[in-house]
Amino acid sequence: MNHIFDSHAHYDDSRFDPDREELLAGLPEKGVAYIMNAGTNLETSRIGCDFAARYDFIYSSAGIHPQPAGDAPAGWEQALREMVGESPKIKALGEMGLDYHYDFSPREMQREVFEKQLILSKELDLPVIIHDREAHGDTMELLRRHRPKGIVHCYSGSAEMVRELVKMELYIGFTGVVTFKNARKTVEAAAAVPLERLLVETDCPYMAPEPYRGKRCDSSMIAQTAQALAAIKGISAQELLDATCENARRVYGI
């Protein structure tokens, strides 16, 4: 398979420390054409910029994830503005959003940091990468209010909710979860997404698809996710990858 666009990855994660350079250098030979390395705080956002500067096929995003939102340093909004101005390969803001599963940061603070980034995305004319875990109601309320362009990544909501997101002209990313045996809800949601709004992602090093579940994930494993989504859509895996690559290029402006 080729024409793979891994629309959401975290190669700054320490699990890649032993072999990161070798792994990244070998991905194009495995059909990986593009990767979006998603920032989760100022530090990882800067690391992603460094990856993007060193590898032609890697792009980056910059943002504050909901889990560390409570620890966001003073001046973080200006720091993001400056980072975007300095790096032409930053193509999105995020990963941002709400995570009510872990509640590592107070929910009020999560909502404040999320909303400020939604506003900043309009100022900078960038799409957003949205994290929504067990926070569907509050996430939808903020999306309805601000109507950003961008992506809901690692989608975990219902088919009904995904239809509303698509009406907002958002793109929907699916990980290896769609290959899991107990993923009926995710499969139903994927079936409800028009092909022109669908993205594939790894969220690596997490969410490895079957038969790699539980192992460290990387972009070469996206083939299994593509096969599962292609079966849902009734097309070949390569057709799925071709379409999702063009979708990702469109939303990220690449």
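Placed above this text is the structure.
Residues numbered from 1 in each chain as written. Predicted model: local features only at pLDDT ≥ 70, side-chain atom pairs only at ≥ 80, totals over all residues. Heavy atoms only, no water.

Quick look at the sheet that holds strand β5 (residues 128-133) now. Across the sheet, eight strands lie side by side as β1-β2-β3-β4-β5-β6-β7-β8; this open sheet has parallel pairing. The strands lining the two open edges of the sheet, one partner per strand, are β1 (4-9) and β8 (198-200). Each strand of the sheet is rotated relative to its neighbour by a mean of 25 degrees, with strand direction disregarded. Here four bridges tie β1 to strand β2 (residues 32-37), and the two strands are oriented parallel to one another. The residue bridging Phe5 from the neighbouring strand is Tyr34, located in β2. (Pairing = 2+ DSSP bridges. Helix = DSSP H or I, 4+ residues; strand = E, 2+ residues; numbered from the N terminus. Axes fitted to C-alpha atoms, helices over the stretch in contact; angles between N-to-C directions.)

Attention shifts here to helix α6 (residues 159-167). The set of residues buried in α6 consists of Ala159, Met161, Val162, Leu165 and Val166. End-on view of α6: buried residues confined to an arc of 150 degrees, all on one side of the axis. Of the exposed residues in α6, the ones pointing more than 90 degrees away from its buried face are Glu160 and Lys167. Those residues of α6 that are buried lie in contact with β5, α5 (136-146), β6 (150-152), β7 (171-174) and α7 (184-192). Backbone geometry just after α6 places Glu169 at a positive phi near 70 degrees. (Buried < 20%, exposed > 50% of the residue type's maximum accessible area, 1.4 Å probe, protein only. Arc of directions from axis to C-beta. Contact = heavy atoms within 4.5 Å.)

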